Amino acid sequence: MKVQIDPGRCQGHGRCYDLAPGLFEEDDEGYGRVPGDGAVPPGQEQAARLAAANCPERAVVLTEEA
Amino acid sequence: MTVDDRFTGGFRKQGPPAGTRNEIVTGPVSDWATDFSHLEPEWAADPYPIQDDLRARCPIAHTGRFGGGWLPTRYEDVAAIAYDTERFSSRSIIMSNYRPPAETAPVGATPPISSDPPFHHDARKLLLPAFTKKAVARREEATRAFCHSLVDALEGADVVDAARDYAQHIPIRVIADMLGFPPEDGPRFSRFVESALEGVNLPPEERMARMDELFDYLYDQIRDHVDNPRDDLTTYLVEAELYGHKLQPNHVAGTIALLLIAGIDTTWSAIGASLWHLAKTPADRERLVAEPDLLPTAMEELLRAYAPVTMARLVKEDMSWRGADMRADDWVLLSFPAANRDPEQFERAGEVVIDREVNRHVAFGLGIHRCVGSHLARMELRVALEVWLERIPVFGLADPAAVTWAAGQVRGPRTLPLRLGGA
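Predicted model only: the values in this text are computed from it and were never measured. (Residues numbered from 1 in each chain as written. Chains lettered and ligands numbered in written order. Predicted model: local features only at pLDDT ≥ 70, side-chain atom pairs only at ≥ 80, totals over all residues. Heavy atoms only, no water.)

### Focus on unusual backbone geometry
- Cis geometry is adopted by the peptide bond preceding P112 of chain B, which originates at P111 of chain B and carries an omega value of 5°.
- Secondary-structure assignment places P112 of chain B in the loop between β5 (98-99) and α4 (119-127).
- Cis geometry marks the peptide bond from P117 of chain B to P118 of chain B, where omega comes out at 0°.
- Looking at the secondary structure, you find P118 of chain B in the loop between β5 and α4.
- Positive phi values are uncommon outside glycine, yet R58 of chain A reaches one of about 55°.
- Given a relative accessible area of 42%, R58 of chain A falls into the partly exposed group. (Helix = DSSP H or I, 4+ residues; strand = E, 2+ residues; numbered from the N terminus. Buried < 20%, exposed > 50% of the residue type's maximum accessible area, 1.4 Å probe, protein only.)

### Considering the pairing of strand β16 (residues 417-420) of chain B
Residue and element names in this part refer to chain B.
- In this structure, strand β6 (residues 159-161) lies alongside β16, joined through three bridges in antiparallel fashion. Its bridge partner being in β16, D161 is matched across the sheet by P417.
- In this structure, strand β13 (residues 395-397) lies alongside β16, joined through three bridges in antiparallel fashion. Residue F395 lies in a different strand from β16, and its bridge partner there is L420. (Pairing = 2+ DSSP bridges.)

### Thoughts on the pattern of salt bridges
Residues and elements named next belong to chain B.
- By the definition in use, this model includes 38 salt bridges over all chains.
- One salt bridge connects D77 with R322, and the closest N-O pair in it is separated by 2.7 Å. Here R322 lies in the loop between β10 (319-321) and β11 (324-326) and D77 lies in helix α3 (residues 75-83), a separation of 245 residues in the sequence.
- With relative accessibility at 47%, the residue R322 sits in the partly exposed group.
- The partner of E386 in a salt bridge is R382, with the nearest N and O atoms 3.5 Å apart. A residue pair is termed a helical-turn pair when its members lie 3 or 4 positions apart in one helix, as E386 and R382 do in helix α16 (residues 374-391) at four residues. (Salt bridge = Lys/Arg side-chain N within 4 Å of Asp/Glu carboxyl O.)

### Here's the deal with the state of the cysteines
- One pass over the full model with this rule turns up zero disulfides over all chains.
- Here C147 of chain B stays unpaired: no disulfide links it, and the sulfur of C371 of chain B, its closest cysteine neighbor, is 18 Å away. (Disulfide = S-S within 2.5 Å.)

### Some details on helix α9 (residues 186-198) of chain B
Residues and elements named next belong to chain B.
- For α9, built from 13 residues, the straight-helix expectation of 18 Å at 1.5 Å per residue is met to within 8% by its first-to-last C-alpha distance of 18 Å.
- Turning to α9, its buried residues number three or more, namely G186, F189, S190, F192, V193, S195, A196 and L197.
- Buried residues along α9 sit against α8 (169-179), α10 (204-227) and α12 (249-280). (Expected span 1.5 Å × (residues − 1). Contact = heavy atoms within 4.5 Å.)

Encoded structure:
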C-alpha cells in the first residue's frame, strides 16, 4: 500500500498527520506532506485508511498494491 | 531609517460608506423555504430541524430578507459553492443588510477571509506559518494552566455558567496573547464579537459606530506596536511585506480584526456546545472520563454535530445555479452545520456517535478558505475539555430551559448553567 497527497486538493486541515503521524507530516504552512516514497509499513494500513477517509478535501490518495 | 507613519492618519472614511443597503426585515419567519432568517430566535434555539426539513423538501431555500439570499442545505451544494470562487465572492462573508461595493474585491475588509483569488492566496500565506499545528502546540502548556486557573475559580460553586465563566475566557486569552494585546482588555473583545456577528440587524448608524469602536481600539494597539515592536502577531503584520511593500494599513487592521473576531466566538462556541452535549448525555460524558484517549475522536464528532460556523458568499453574476435563479449580489449562506448533518454524506447524521471514526466533516470549511485557525481551535478545544473532564468529571444541565444560544453565523451557548458534582 502507498499513500500520496494531491497538492492540488490539500488545504492543510491536517487530519492526515493527526491520525497517521507515522505516514504524514506538516510542512511550514500546515499542508500535509508524505516523507519518503509513501510506502506504508506493515501494521500502518489502518492508519493510512483512516487518514484517507477523514480528509475533508479527499486529498489523500491510497494505492493498494496487488 | 524612515518612520512608519502608515497608522498615524485618521482611518475613518468621511460620509456613509459606498455600497448598497437594504431595508432591515425582522420578526417571525413565515416559511423557512422562502423567508429564512438565521437571526431569529427559533433558528438560534435549534436550527437543525429547520435545516433537515429544508434539505428534504427544498433543498436550496430563499429569503427576501437581507436584500435577497439563498441557503443550500445539502453537503454537495455547500461543497460546490465553497470550491467555486469564480462564481461566488467572499468580499463580504457576513450576511447582513449592507453589501460592500464591487471594487472591495479581491481584498475585502478583513483579508484573507474576505479576499478572492489571486490576492487571497498571498494574504493567506502570510498567516499560515503562525497557525500550523507545530506553532500552536507551543501555546498548549500556557492554555492548560489557564484552563486550570479558570476551574480553580469555580471551586465551591454548585452551579456555574460554563459558557460565560469557562469557555469564553479560553480563546480570548489565547488570541490576546498571540496578538500581544493586554489580557485585561478581554471583556471588550466579547463586545466586539457580539457587535460584528450578532449585531447584523441593528440600525446602520449603530452598526457603524460599533465597528468604529473596534477599529479605534485596533489602531491604538497597532500604533503601540509600531512604537514598541515585540514578538507577536501584531508586530509581525506591521512588518510583513507583500509584493515588495509593507502592507496597507487597512490590510493590517482588517486582518487583526479577523483574527480577534474569528478567533474568539468560534472556539468559545465549540467548547460550550461540547460541554452542553456532555452535560445532557451522561453516557458520553462517562465514557470520555473513563477513556480519555477517545477525546480526539469524540471532539471531531462534536465539531461535526455542533459546527459553530456558517459563512456567506455573494453571487457574482446572474445565473441559474442547480435550479436556483440567482441574481448578482444575492447572498449565499454557506451552512457548514447543515452540510455536516446531511444523511447522504453521514450515517446517523442527526445523532452524536461519540466514537465515529470516519468523519469527513466540514466544520472548518472546504477549499481555499479552510479556517486558518483550525489547528489552534482544535488545541484549545482539546485542552479545555481535557482539563474540565479531569477536574469536573460529573456535571449536568442545571436548568435546560436557561441555556441560551447566540444567533447569527456563529452559534454556540452563551448561557450554560451546569450543576457540578453528583448532588
